[in-house]
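# Fold and geometry: a report
As a plain string of letters, each chain reads:
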Amino acid sequence: MSSLHSDSDPGDAILSHEEAMRLAIRLSRDTVASGGGPFGAVILREGRVIGQGANRVVPDADPTAHAEVVAIRDACRREGTHDLSGAVLYTSCEPCPMCLSATWWARISTIHYANERTDAAAIGFDDAAIYEEVCRPIPERALPLRSLLRAEAIEVFQEWHANEDRKRY
């Protein structure tokens with residue numbers, strides 16, 4: 001599936017920071033052979049692997065299949081929750097804006113990374129424009145954002161907010 005370990009391997013060994021990062025780096029190297037980008041990620045809780053992933057953008061024809069997102073999906077599936085509080089992400093490269101956001105939404109507590117964003121930019125993975133874009137006011141952005149049917153959509157927000165059985169995330 002999306003991870004590079006079998007479903008019967010929950011990761012019982014307790015890994016050091018260096019061992020976890022070496023696993024992320026190994027995943028990044030392994031995925032290159034299958035046509036993926038040179039990125040790997042591992043998520044640990046209490047030193048044990050709960051999720052891992054490698055870049056699958058090209059092989060899966062999925063622009064969101066970055067290593068960190070694949071690892072988060074794997075960890076959430078294995079843990080049976082969307083909340084990875086207390087977990088630690090080890091990634092072979094400083095997360096891009098999407099992966100940083102996904103890590104934030106998953107409530108991962110700490111990120112350790114190997115390569116820096118400047119290293120990624122040097123080989124063609126440059127996210128500088130995205131970082132700049134999100135800092136601009138909406139009317140000044142290169143990618144047009146236009147509000148449409150807000151009055152209708154806000155009703156759904158109000159319904160969700162009024163539902164006492166809603167699951168917050």
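Quick caveat, the model's predicted, so the values are computed rather than measured.

## Some thoughts on the side chain of serine 92
With respect to the helices and strands, the residue serine 92 is situated in strand S3 (residues 88-93). Among all residues touching serine 92, those that are not within four sequence positions of it are Met21, Ala24, Ile25, Ser28, Pro38, Phe39, Gly40, Ala114 and Asn115.

## Some words on the state of the cysteines
Evaluation of the coordinates by the stated rule reveals zero disulfides. The thiol sulfur of cysteine 76 is not disulfide-bonded, and the nearest other cysteine sulfur, from cysteine 99, lies at 13 Å. The cysteine cysteine 99 is free of any disulfide, with cysteine 96 supplying the nearest cysteine sulfur at 3.6 Å.

## Thoughts on the packing of aromatic side chains
Using the criterion set out here, one finds one aromatic pair in the structure. Consider the rings of phenylalanine 39 and phenylalanine 125, whose centres lie 4.9 Å apart with planes at 90 degrees: the pair is edge-to-face. Linking phenylalanine 39 in the loop between helix H1 (17-33) and strand S1 (40-45) with phenylalanine 125 in the loop between helix H5 (117-122) and helix H6 (128-135), this pair joins segments that are 86 residues apart in sequence. Residue phenylalanine 39 is classed as buried on the basis of its relative accessible area, which comes to 14%.

## Topic: the sheet that holds strand S2 (residues 48-54)
Read across the sheet, four strands follow the order S2-S1-S3-S4 without closing on themselves; strand pairing throughout is mixed. What marks the edges here is a single partner per strand, and that holds for S2 and strand S4 (110-115). Taking the axes of each pair of neighbouring strands and ignoring which way they run, one obtains an average angle of 15 degrees across the sheet. Note that S1 and S2 share six bridges and pair antiparallel. Across the sheet, the residue bridging to valine 42 is glutamine 52, located in S2. Running over the sheet, helix H3 (residues 67-79) touches S1, S2 and S3 and is turned about 140 degrees from S2.

Conventions adopted
In this numbering scheme, every chain counts its residues from 1 along its sequence in written order. Where totals are concerned, whole chains, interfaces and linings use all residues; where local detail is concerned, this predicted model gives features only for residues with pLDDT of at least 70, and gives and counts side-chain atom pairs only at 80 or more. With hydrogens and water excluded, all non-hydrogen atoms of the structure serve as input to the side-chain values. Only DSSP runs of H or I with at least four residues qualify as helices, and only runs of E with at least two residues qualify as strands; both kinds are numbered from the N terminus onward. Contact criterion: two residues are considered in contact whenever any of their non-hydrogen atoms come within 4.5 Å of each other. Disulfide: a pair of cysteine sulfur atoms within 2.5 Å of each other. Planes of paired rings set the category: under 30 degrees apart is stacked, over 60 is edge-to-face and the rest tilted, where pairs are Phe, Tyr or Trp rings (Trp by its six-membered ring) whose centres lie within 6.5 Å. Throughout this description, buried means an accessible area under 20% of the type-specific maximum (1.4 Å probe, protein chains only), exposed means over 50%, and partly exposed covers the range between. Here, any two strands with at least 2 DSSP bridges between them count as paired. Fitting a line to C-alpha atoms yields each axis, with helices limited to the stretch in contact; the angle taken between N-to-C directions then spans 0 to 180 degrees.

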